[in-house]
Every structure is written in C-alpha cells, then in structure tokens.
Amino acid sequence: MIRSLPLSGKIGLATVIFWLLTAMFGPLLAPHPVGEFVDMDVFSGISSTFPLGTDYLGRDVFSRLLYGARYTVGLAAAAAMLASITGIGLALTAAVGSRVLDELLSRFMDTMISIPSKILALVLVAAFGSSIPLLLVICAFTYVPGSYRIARSLAVNLAQMDYVQVAKTQGEGRWHIGLREILPNMIHPMLADFGLRFVFIVLLLSGLSFLGLGVQPPEADFGSLVRENISGLAEGAPAIIVPAIAIATLTIGVNLLIDAMRGKR
Amino acid sequence: MSIYRLILNRIASALLTLLLVSLVIFIISDLLPGDAAQEMLGQSATPEQVAALRHDLGLDRPAYVRFGDWVGGIVSGDPGTSMVANMPVAEVIADRLPNTLRLAALTAAFTVPLSLLIGISAAMNRGGRLDRVLSISTLAMVAMPEFLVATLGVLIFSVKLRLLPSITMVTADQPWGEFLRSYTLPVLSLSVVVIAQMSRMTRAAVIDQLNQPYVEMAVLKGVGPVAIVRRHVLPNAIGPIINAMALSLSYLLGGAIIVETIFNYPGLASLMVNAVTSRDTPLLQACAMIFCSAYLLLLLAADIIAILANPRLHNK
Amino acid sequence: MAYLEVNHLCVKADTGKTIVHDASFSLNKGEVLALIGESGSGKTTIALSLMGYARRGTHIAGGDVRLGEAHLKDLPALRGNRIAYIAQSAAAAFNPSLNIMDQVIEAALVHRIMDRAQAEAKAIELFHALALPFPDTIGQRYPHQLSGGQLQRLMAAMAFITDPDLVILDEPTTALDVTTQVEVLRAFKQVVKDRGATAVYVSHDLAVVAQMADHIVVLNHGEIKEQGTTAEILHAPKDDYTKLLMAAAEPTNRVVVDALVQPVPLLEVRGVNASYGNRPILKDINFTMQRGAMLGVIGESGSGKSTLARVIAGLVVPTSGEVRLAGDILPAALSAREQEHFRRVQIVFQNASTALNPAHDVAQILARPLAFYHQLKGEAAQKRLLALIDMVKLPASVLTRRCTELSGGQIQRINLARALAAEPELVLCDEVTSALDTVVGAAILDLLAELRRELNLSIMFISHDISTVRAICDDIMVLYQGAVVEHVRGSDFDQVRHHDYTELLLSSVPELRAGWLEERKARTA
C-alpha cells in the first residue's frame, strides 16, 4: 500500500506522521518549559543551545513549536473530524429521509456555504469569543456545510445505484439502506474530503491566531507564534519564519498524501 | 424554459440566498453575550440606566422588528452607526471599500490570465513532465498560508534586497512606479493561492473535455492539438472554467483579511478584523454582508455567463 | 498487391499488457472487411491503429500497417483526409457546442482540400445521398436537436466529405434501436458502394456483419482466430471460437413445455398509467400473467418496459391502476407494502457494474435476504448459501469475493441468486443479458430456463431483443410508446397476424446470412 504510493505521496505521508508524533509526544521532548525565559537576547539566531533561536521575549522557539503543534494539529484534527462526521450524518439523513427534510437541510447548508468561511469564522468569534473549546466548535461549524454538500451528492448518487433500488424493493428500512448500503461506499471518498477539511481548518485556525482572534496567550499555536514574533520580521528572525514554515509543511504534506491516494484509485 | 427565464430564476435564487445569509449573520451577531448597552455603560451602571439606553438604542424591540429595520437599512444604504468610530457605518466603509476593490482587481488582472495559461498548458501536456511539475507545485501552493508568503516576501524583497516596501501606502497621487512597488507584495501574497486553485480547476475542466469522445473524433479528423483546444475544448469548458475563476476569486475575500492586516493596508478586510476586536456589531454585520454579497455576485455572474455560453440553451 | 496490409501488428498497454497480438490481414481496394469479436477482443484497437492512432495508456508496439504507399509512421497525416473514421456513439462523438455543418466540413478545411463554400455544397449533397431530413438546412442544427440515427448518418457525411480511400466504421449501429439500425445500415452500404470506398467494419454482431462485409476477421482476446470470405466464415467456420459465436448468435429454442404454466393468474395489471412529470410513460396497461409462465416484454428505448417493471416492484408509483399478485392487491408505494409483498416479487437489473454493493462480499449479499425473510442464521444459512451458489452454477469460492473481483456474467448470476434467496413467486428480469457478450448472455439464458423448470418460477423477462424473447418466453407482449400493442402466446407467435409495429420489429432483426438487407429492401419497397 505504502510502497505503491508515488514519491510525492511518500513525502506527504512521512510529513503527516512526523507532525502527528510531534503533536502527541512533542512536549515530552521540549528542552525548556513553554513559557520560560531562557535567553537574555531576544530574536537570537540558530545556535547549539537554541536550535531554532529565541523569540521576542527570549523564550526557546524550538520548545514553543513543540508545544504549539499540539494545538494546531490536535484542534484542527478534532474540528475536521467533528465537521466530517456531522456532515456525513446529516447528508445520510437527507438522502434517506423525507423530501421535506432534505429540502430544508440542503437550503440551510446552501445558505451557510454562501458565507465565505473566514468571514463566518470572524462573525462567530465576535459573537462567542475564542476559548479553545469554542474555537473547535467554530472551526467545525464553519466547515460542516462543505462536508455536507460533498457527502450529500455522494449519498444521492449512491442511492440511485441498482443495488440500493433492489434493497428498497426487498423491503429494507431507511436506516439499513443508509448505514449498510450507502455509508460503506462513502467512506473512501470522504476520507480524502476529511484531509482537505483538515488543511482548511489548519489554515483558518492559524489565520485566526495570526490575527489575534484564535488561540489566546499564554497558550500558543503556530499562528500565534507567527503573530507574537512579527516584530522580528525586520531582522529576519527564525522565530517568525519557522512557525510559518511549520504550517506550510503540515498542510502541503497532507495535500500531497491526499493527491497521491486519489491518483491511485 | 427560455434562457431569460433561466437567468431571472438564478438571480431570484441568489437574492433569496442573500436574504437568508443576512438572517444567519443577524442571528449569530444578535447572540452576543451581554449586549451593547451594558458594554457601553460599563459594569457600574444601574439596571435602570441600562434599560433606558437599551430603549434608546431600540434593543428592547422584538428581534424580527430589529432584523427588518436592519435589512431595510442595508438596502437603503444606511446600515447603522459604528459604535466605536461613532459615525455612520456607511461612511466608514465608503473610506475603505475602494482600496479593497483595487487590491482585488489588481490581483484578478494578474492571476486570471496566468492561471488560464498554466491550467491549459498543463492539461494539454497531461501526464508529461511539465504537467507533473506544475501539478506538484500548484498542489503545494494551494496549501500555503498567506502569511507565510507575505512574511517570506517581506523578508526577501524588503529586508534583504530593500526593493519593495513592507507596508502598503495608499495615497491619492502616487506616481506609477511607486504604485506598482507598493502593491507588488500584497498582490503576490494573495495571488499564490488563487493561481494555484484556479489553474488546478482549469486543468481539470479542460482534461474533462479532452477525455470526451468528440475530441478523439477531432484527432481522427486530423485537427491539430492547438486547434482542438481552441475550437473544440474551450467552448465546452467555458462554464466550468468561469465557475473555477469565480470560486478562486471569491477566495480573495478571505485572503484579503490576512494580507491587509500584514501590510497595514487600509481596506475593508482589516476594518472587519478591527470590528471583531472592538466588538463593533453594526460595522461587523455590514462588512460581513458586503463580503457575502460579493461572493454571491461572483458565483451568479459565473452562472449567467455559463448559461449564455451554452449552445444547448441557446438553440432550442 | 493488396491495398491495405496489416503485418504482425502488436498493441500494448503502457503497463505492458498485450492488447493485440501479432495481427495480420489484408484487404483489396473497394472491398469491405469486418473485424468481429466480443468486448476485449481488440477489434477497436486494431481499427484505430489503421490510422496510426493508439488511445491514451496504449501504444503500437510492433508490426506495420500499410495503406497504398503509406506506412505506419505516415498514417497520422492521412487522418481525416485519406482515412476517415465513423465512431460508435455519434451522440458523444459530435461536439455539443458546434453546429453540424462546421463539424462535417472540418476535415476538408483542416486539410485544405476545398474552400468553405465547396465543402458546404459537398456536405449538402452527402446529406441528400444519406436520405437525411431537411438536407439543405440540417447543417445549421446542433447535435442535441437530432436523433441518434440522424447523427450516425451525419457522421457518415463527415467521413465522406474528403472522399477518403479507407473508411473505418466502428460499431456504427450498436447504440441504435433495431428499427433505426436497418435504415442506417442501408444508408451506409449505399454510400460505401456508390463512392467505391474501401472499408473496415468493426462489430460484435455477426448478422450485421453478414450484410456489410466481403471478408471477416474473427478476433478473441487480442488474437486473430480465423479469417476468410464472409461465405466461408458463415457457412464453414473452422475455429472453435467462431463456432461458439455462431451458436450464440443463432437463437436456440429454450421454451419449456407448457405443462409448467398453471391456469391460475399470478400477476394481474389493470389500467396502469404512469408518467414522469407531465410526460406519460405507460398508457393504460392491462395484462394477466399465469403462474409458472415466462412472460417476455419487448420494446425499444422509450417504450416504457423498464418503468413497467418498476411499477410492479413498487419503485415507481403509477398515477392510476392496480397491480395484483395472486389476487392480493400490491400497494402502489413501497412504504405501504409489507414484508411478504417484498419477498414475493424480486427484481434483477441489467447493469452488472451497479447491481451489487461493492462494500459487501457475496456471502453478505446473499445472507441478507435469508435472514431478513426466512430468519435463517448460522449453519442453516450457510447450507442455503451453498445451495444457492450451486443453483446458479458458481463455485463456493465466490462467496468470499466482492463484485469488483467478478466478471459480468458471474455478477449477473449472483444477482439472480439474491432474488432466488427470497424464494419469490415472481422474478422481474430487466434486460439481464443486454450488457453481456453474446456467449456469456446465452449461458445466462440457459440458466434462466433451467431455474424456471426446476423451481417452477414465474418470470417476467424484459428485453429489446425480439429473437431472445421468442427463444425463451412462452408468452410475448410488445410495448410501443407506453402501450401494449400485442400480447400473444409464444406457441401461436408464428401463426397470428401481428400488429404493424411487431411486424416492423420482426423484419428489422438482421438475419445471419448475406443478402438479407437487399431482400428486405425489396420487400418493404
């Protein structure tokens, strides 16, 4: 399975595994506690003591990055999971449920999808604030409509298949048809969609944090790391470049992996 | 159904969606915990004072009346008063909107031709080396956060090479060279994702048509590859390509939020971010509505062009 | 020296798999050669390589094609000029965005053979010759405004616009209804003869080929099995595969003795009307089917035959009328039907690729109706599974497979087994052999006849192919534009005076002998 992936897919897979491990075990490996001031210098460059330099308060960037991965990867994965599961669940309900329910759900989702995701997230943050659990729900909520739209069109197409028609004439109930006949055939394409949604959410979340509207200090995800060190840009400090590159490797890695898996099918 | 009926239907449906969108935005921002009156008076205010201000602001009226008022205000060009700036929202926005439109127009003018070129040449070369290189690089670009592009751009062109300014100034009578220099970095930062998205979708639309039997038929009639794309593929791919453009350009709306903030650009998106941090609800609602209308307008325009370009609808 | 010569042609997929292996044949000027074979035989691949063309993912790996003085490498330059191609599905091969005239004359303009005015005049002349309606203005139309038969003839005009030396016809009538096919065949034959063209005709249908070709090349799995003149192949086939093809093409009578049919009505359809939107699909359908009978329902596309099956199965709710099964009314909507209703009527669909859920293996698919209708579990269910698999003549090893690993014929057998698992009284078979190759389809027909005899099944067999229906059914009903135009007992079929439409259908089925097309023309003229 892995061996048959093209090179780009292998690189993507390796990057994804790397970030997953970092998110899980990173804090254990961090040489310094996340908030500790360890250097008299701010924005110092790469050195043997500070492999990625120090930030605007003289904290170790490497340690902060290892802690930040937990927020960026963990929050985005949880939110993407929530968005996908909700989207698939509602889509199945719409596909096997009554026509009125389908109409209502689809109309609502069409409305939600007409609000650009960043705009919707901003309005939601303004209304509810941005604690970690709220951010998770906001990111998930923002991407449910997209997930629903894809899942519904898949489910509706599958519902036209002869084997579903046969199941209907054999007297199978709605839930059997939804869960046994339709759902198993949606898993694979929805996995790719889950990956895409994860990428979108990473970008949205770090965008929000970059604007100061996402993860709040003292906690920091990659986006907050970029934001708090923005004054180091003029000196080209690693403290600002490294977290930005970290986000890019994560999202690009996932994209490469999805693309390679799609190409195989 | 006649083609005009079809277009009218699409317009009506877009207007209905816009109304529903405004309802959603109103409901969400109306859920703000604590209300504006409390916020303005501070914690020390007596309940009577708060109630009086609520009455003055009209906040004690039922939600549907306030929604009606608000929508009516937007339609008539008066979406209320900005709480923070203490001046009409319309004026605050009128100041900023042209800047954002200029940025978007410049980016569109730069990205559309380039993306078409990339998308079509990748499709014509599908499976070949050029296609593979373009495909992997656009795949990487599409997942790039704007602030990475922007910070790298600033680092290279402003800090190291000292070629371009790191803050975008908007002045009335900038000379051309100055104008171009100050817009290069923001346009570039916005363009990366847009180009990647648009060219990937264009490639997919063109390949979709290249796989049709009528293209094989044209090959077997001896038609050359360029003529095949020009005469046979593009007329059929125009709908999906226009749609791809609209979707990618609508991405500008979100991207502008980050880019305007980084370059300190006085546009609508950075205004909206300010409205969020200062909890200026009327301003926030108005900004959100402008972005949503712009998005719907783009998609509507794409739909109408696709309908007009479809010979099956023309030649009943 | 032969005009067209194919020498040791090899075509491979880029993955290395051989598609055509060492094919050699030749053809003289002014003659018609047929490439015949089933799906996967490589017939289209060979036809395309005659233009030096290989589809994406394949390449010509060896050998040569010579046309006059031109060799393989010179052929691409001759496409649309001296070599012309007529594709299988004209509806797909015309660009939906360009009008007909632009597409018909495109090759002439590309190769600078004539100017636009000359080309248009020539096209209109061809439209006349091909007996197209409104020949002077049809060029201004767009593909979606024309019928499949008209487009197919327009494609011939497109091919002949440059007066090519070689014309390749790739299954040009396969997508057409049988009554349309005759007209198109006649037009093709006429124009090929009039213009003295050399032609290669690709088909899976021996009877069609018998009308068109002087020589026949029989292909199977990318290899030439046999070649010779049409008379040789039709009257004295030497190769076993050719004999198999001939046998499958000749309708064999599988009708079981009338003793199976009991004089008790099983299915009664009374005054059924159905429509999609405002378009009526079924108009006042009335018929009765006896228990144990095999009722054949014939109709061309748009006749409403599939809708009829769906009404009985409950998938389409009729606007009026009723359906009775052994005297009990079958509620129109699925939601109003009960477990027993569902069990007693089973439907089997045409399309093998969508008939079975790819997420489940065969055992799961077959076990479901056993548990659902008969509460069979564990040991008992396993025994019944094996019995069912045996009934449709598949090895027990398929039980653990998924449908993606099975062939079309195998899938159709599983499909039948699933229906049988319910122990139904009535099985609705909707075009169950249409998507299969002739030889595989013939085996399914044998199986159906046998199952019917052994299980005393009642089967409604829906098909567009009148000869299949005659061969297998003891009761025949003809649908035309949503109405029953004829309903006769199979044994009386040859004696009764038929409805005009039935006559047309019967006379449109090509017979497996040369000269049928000309005779029919003389007869209908």
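Thresholds applied
- Residues numbered from 1 in each chain as written.
- Chains lettered and ligands numbered in written order.
- Predicted model: local features only at pLDDT ≥ 70, side-chain atom pairs only at ≥ 80, totals over all residues.
- Heavy atoms only, no water.
- Contact = heavy atoms within 4.5 Å.
- Buried area = accessible area lost by both parts, 1.4 Å probe.
- Salt bridge = Lys/Arg side-chain N within 4 Å of Asp/Glu carboxyl O.
- Polar contact = N/O pair within 3.5 Å; in protein donor to acceptor, adjacent residues only side chain to side chain.
- Helix = DSSP H or I, 4+ residues; strand = E, 2+ residues; numbered from the N terminus.
- Nonpolar A, V, L, I, M, F, W, Y, C, P; charged D, E, K, R; others polar.
- Pairing = 2+ DSSP bridges.
- Axes fitted to C-alpha atoms, helices over the stretch in contact; angles between N-to-C directions.
- Core = buried A, V, L, I, M, F, W, Y, C linked by side-chain atoms within 4.5 Å.
- Buried < 20%, exposed > 50% of the residue type's maximum accessible area, 1.4 Å probe, protein only.

**Considering the interface of chain A and chain B**
Contacts between the two partners involve 41 residues from chain A and, on the opposite side, 46 residues from chain B. Between chain A and chain B, roughly 3,700 Å² of surface is buried when both sides are summed, and carbon and sulfur atoms account for 82% of that area. The interface formed by chain A and chain B holds two salt bridges in total. Arg200 of chain B is the salt-bridge partner of Asp259 of chain A, the closest N and O atoms lying 3.5 Å from each other. At the boundary of chain A and chain B, one finds four residue pairs in polar contact (both at pLDDT 80 or more). Contributing elements (two or more residues each) for the side of chain A that touches chain B: helix H3 (99-113), helix H4 (117-128), helix H7 (174-210) and helix H9 (238-264) of chain A. Sort the elements by how many residues they give to the side of chain A that touches chain B and H9 of chain A lands first, with 11 residues. Looking at the side of chain A that touches chain B residue by residue, the classes come out as 29 nonpolar, eight polar and four charged.

**Some details on the sheet that holds strand S11 (residues 279-290) of chain C**
Residues and elements named next belong to chain C. Strand order in the open sheet formed by four strands is S11-S10-S13-S14, and the pairing between neighbours is antiparallel. The open sheet is flanked by S11 and strand S14 (328-330), the only strands paired with a single partner. Each neighbouring strand pair of the sheet contributes to a mean axis angle of 25°, computed without reference to strand direction. In terms of strand pairing, strand S13 (residues 320-325) meets S14 through three bridges, oriented antiparallel. Across the sheet, Val323 pairs through a bridge with Leu330, a residue of S14.

**Thoughts on the nonpolar core**
Note that soluble globular proteins tend to have their nonpolar side chains buried in a common cluster. Ile182 and Met186 of chain A together with Met272 of chain B are the most contacted members of the largest nonpolar core, which totals 162 residues. With 16 residues, helix H10 (residues 225-262) of chain B is the largest single contributor of residues to this core. Ignoring anything within four residues of it in the chain, the contact list for Ile182 of chain A reads Leu92, Val96, Ala155, Leu158, Ala159, Val164 and Ile177 of chain A. Counting residues in hydrophobic clusters, the runner-up holds 95 residues, among them Val11, Ala123, Val182 and Leu517 of chain C.

**Side note on the pattern of salt bridges**
Oppositely charged side chains can pair when the atoms bearing their charge come close. Residues and elements named next belong to chain C. Inspection of every chain in the model, using the stated rule, returns 38 salt bridges over all chains. With a closest N to O distance of 3.4 Å, Arg291 and Glu425 form a salt bridge. With a gap of 134 residues between them, Arg291 in the loop between S11 and strand S12 (294-298) and Glu425 in the loop between helix H16 (408-421) and strand S16 (426-430) connect regions that are remote in the sequence. One salt bridge connects Glu519 with Arg513, and the closest N-O pair in it is separated by 3.0 Å. Among the residues examined, Glu519 registers a relative accessible area of 43% and is labelled partly exposed.

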